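The chain contents come next:
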Amino acid sequence: MVNQRISPMLKLVLSIGLISGTSAVTAAPGEDSIARGEEVYSQQCAACHQAGGEGMPGSFPPQKGHAANIFNANGGIGGRDYLAHVLQYGLTGSIDVEGTAYNGNMPAWGGSLSDQQIADVLNYVLTAFGNRERISPDFQPYTAEEVSALSGKDFSGKDVHQLRQAVMGTGEQSSGPAASQDASAAGTAAKVSLEQAVPKPIYAAVQNSGVVERFPSKSTWPGVEGAHYTALSPDGKQLMVSGFKTGNVYIMDTDNGEIQASFPIGKVVQGVKVSPDGRYGLAVATTLGEIAVIDIETLSLVKKVNVGDTPHNIIFNEDSSLAYVTLQGEGALAVVDMTTLDKQRAIPTPGLDSPHNIDISEDGRRLWIRDFVGHVGVLDLDSEKVLKVFKVGAGHGGIDVIPNSRYVATGAISASRVTVIDADSLTVVANPEVGTGPHGVRASADGRYLYASVTADNLITVIDLESLQVVRQEPVDGTFPFWVAVPGNP
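This one's a predicted model, so the numbers in the text were calculated from it and none came from an experiment. Going along each chain's sequence as written, the residues are numbered from 1 onward. Confidence filtering applies because this is a predicted model: local features only for residues at pLDDT of at least 70, side-chain atom pairs given and counted only at 80 or more, and all residues used for totals across whole chains, interfaces and linings. Side-chain descriptors were evaluated using all non-hydrogen atoms of the structure, hydrogens and water having been removed beforehand.

Colleague: Please set out the pairing of strand S23 (residues 407-410) residue by residue, giving values where relevant.
Modeller: Partly exposed describes any residue whose relative accessible area lies between the buried limit of under 20% and the exposed limit of over 50%, with all areas from a 1.4 Å probe on protein chains only and scaled to the type maximum. Each helix is a run of H or I in the DSSP string that is no shorter than four residues. Each strand is a run of E no shorter than two, and both are numbered from the N terminus. Every second residue of S23 is oriented toward a common face, with Tyr407 and Ala409 on one face and Val408 and Thr410 on the other, all of them buried. A pair of strands is considered paired only if DSSP assigns at least 2 bridges between the two. Two strands pair when backbone bridges link them, and strand S22 (residues 399-401) and S23 are joined in this way by three bridges, in the antiparallel orientation. From the neighbouring strand, Ile399 faces S23, where its bridge partner is Thr410. Counting the residues between successive antiparallel strands, the hairpin from S22 to S23 contains five residues, one of them, Asn404, with a positive phi of roughly 55°. By the bridge criterion, four bridges tie S23 to strand S24 (residues 419-422) in an arrangement that is antiparallel. Directly across from Tyr407, in S24, lies its bridge partner Asp422.

Okay, structure coming up:
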């Protein structure tokens, strides 16, 4: 929940108004905007950049100090306009903040946040975390009108990265794996046809464009703003989609993309999953600490279950009797009894402080967990002990226990590689380059091909799991493909 008390930062802003002679009953300039921005930041930004603005080194840059330094920069279009563009259009490419390298892909928020919300959160960030003391005392808060006047440009996150170089007056260039992969992503020759690589329809959630795209037909279905996570019913006839920026979860008909039902779950909706028996769909309401239980046949909301601090995603066991929910704010998993629809207990995940996405081994004895900051862990369900933690690509990503295979794969939104782990020997066996910002990973039901949604290059990259080589890269219709749903691989 967002703290409704006036924070020390707000008191500081008010005191500035008092010193300048403003009456105590008159709100300091921008005070209401700052308070609203704090709520937006808490809901949409804090997971990556952290509540105190300190970021996560190597994965997500800090706002503390850094945002003020950028605002003060005078090169190019100037720091003030640049910061608004970052919110509106995203940022893709390598940056350096106080000697730490970050190589990721921030999504565009224009069209998902209103102009007023973008102004509000900029005002909050620039007056929180000690930033207010670093910028000019003449700072004028952003307004919705100012943000609107800066919008409407045909910019990508890579364009904004170029603006950053001019604003900061540095020679900072995309380099290393991400830069080399840009060329690779654009130029990899297809070694298999799209129809061969995708023998059965798969479904990509294209977040910034608010659509679901079906492959190989490349049909595009609108209507889900901030399309985020997806999950298929066992019969493949229905698709659950979370609207990350609407607070709704949607059920779509996979024949034609028609939205059969939608449910308001919470301000921020994350993971969704349909039980193997097809009875229930679960959707995570992160800020509320709940999962919503939806009856798939009647398309009705059955119950909301409190599971703990900052839940993120879900996996069922094979007989649908239990659901395991990652608790990103607790370093634990919630175990939900699907008969009583109640939380049964929590399982700690030592070594994984921010469990994010999750899958289960085919024998049901191990859980594979991807955290928020570049690690994968494997948990034995008999002993409820974490057997091993692997260092993988920076940032967060999806994870998939590949059917009919010994492999487990994970993405990394702040890197350019997919990591493939041998589940038998518990070793990393490959790190194929796939493009900048791979997040969702899901394999075909026969375990032959792995599909990775590449958020910055707007691709679905296909890896042949026999050779562990990229064999096709297919552009999506839109920007920021986040997740992929594949029949036969929940």
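Resuming the write-up.
Colleague: Requested: an account of the sheet that holds strand S16 (residues 332-337), with residues and values cited.
Modeller: Across the sheet, which stays open at both edges, the four strands sit in the order S14-S15-S16-S17 with antiparallel pairing between neighbours. Looking along the sheet, the strands with just one partner apiece sit at the ends: strand S14 (311-316) and strand S17 (342-348). Strand-to-strand twist of the sheet, defined as the mean angle between neighbouring strand axes without regard to direction, takes the value 25°. Pairing analysis gives six bridges linking S16 to S17, with the strands arranged antiparallel. Within the sheet, the bridge partner assigned to Ala332 lies in S17 and is Pro348. Every angle, taken between N-to-C directions, lies between 0 and 180 degrees, and every axis is a line fitted to C-alpha atoms, over only the stretch in contact when it is a helix.

Colleague: Quick one: what's the story with the nonpolar core, residue by residue and with numbers?
Modeller: In this structure, Tyr41, Tyr82, Leu83, Leu126 and Tyr142 are the most contacted members of the largest nonpolar core, which totals 41 residues. The element contributing the most residues to this core is helix H5 (residues 115-127), with seven residues. Put simply, buried Ala, Val, Leu, Ile, Met, Phe, Trp, Tyr and Cys residues joined by side-chain atoms within 4.5 Å make one nonpolar core. Counting 20 residues, the second largest nonpolar core, distinct from the first, contains Ile251, Val272, Ala292 and Ile294.

Colleague: How would you sum up the pattern of salt bridges? Please name residues and give values.
Modeller: When the charged atoms of two side chains lie near each other, side chains of opposite charge can form a pair. Note on definitions: salt bridges are taken to be side-chain nitrogens of Lys or Arg within 4 Å of carboxyl oxygens of Asp or Glu. Per the stated rule, a full pass over the model turns up 15 salt bridges. Note that Arg417 is salt-bridged to Glu433, the shortest N-O span being 3.0 Å. With Arg417 in the loop between S23 and S24 and Glu433 in the loop between strand S25 (427-430) and strand S26 (438-443), this residue pair connects regions lying 16 residues apart in the sequence. Using a relative accessible area of 35% as the deciding quantity, one classes Arg417 as partly exposed. A salt bridge links Arg448 to Asp464, with the nearest nitrogen and oxygen atoms 2.9 Å apart. Of this pair, Arg448 sits in the loop between S26 and strand S27 (449-454) while Asp464 sits in strand S28 (residues 459-464), and the two are 16 residues apart along the sequence. Residue class for Asp464 comes out buried when judged on its relative accessible area of 8%. Among the charged side chains, a salt-bridge network with shared partners connects Lys218, Arg472 and Glu474.

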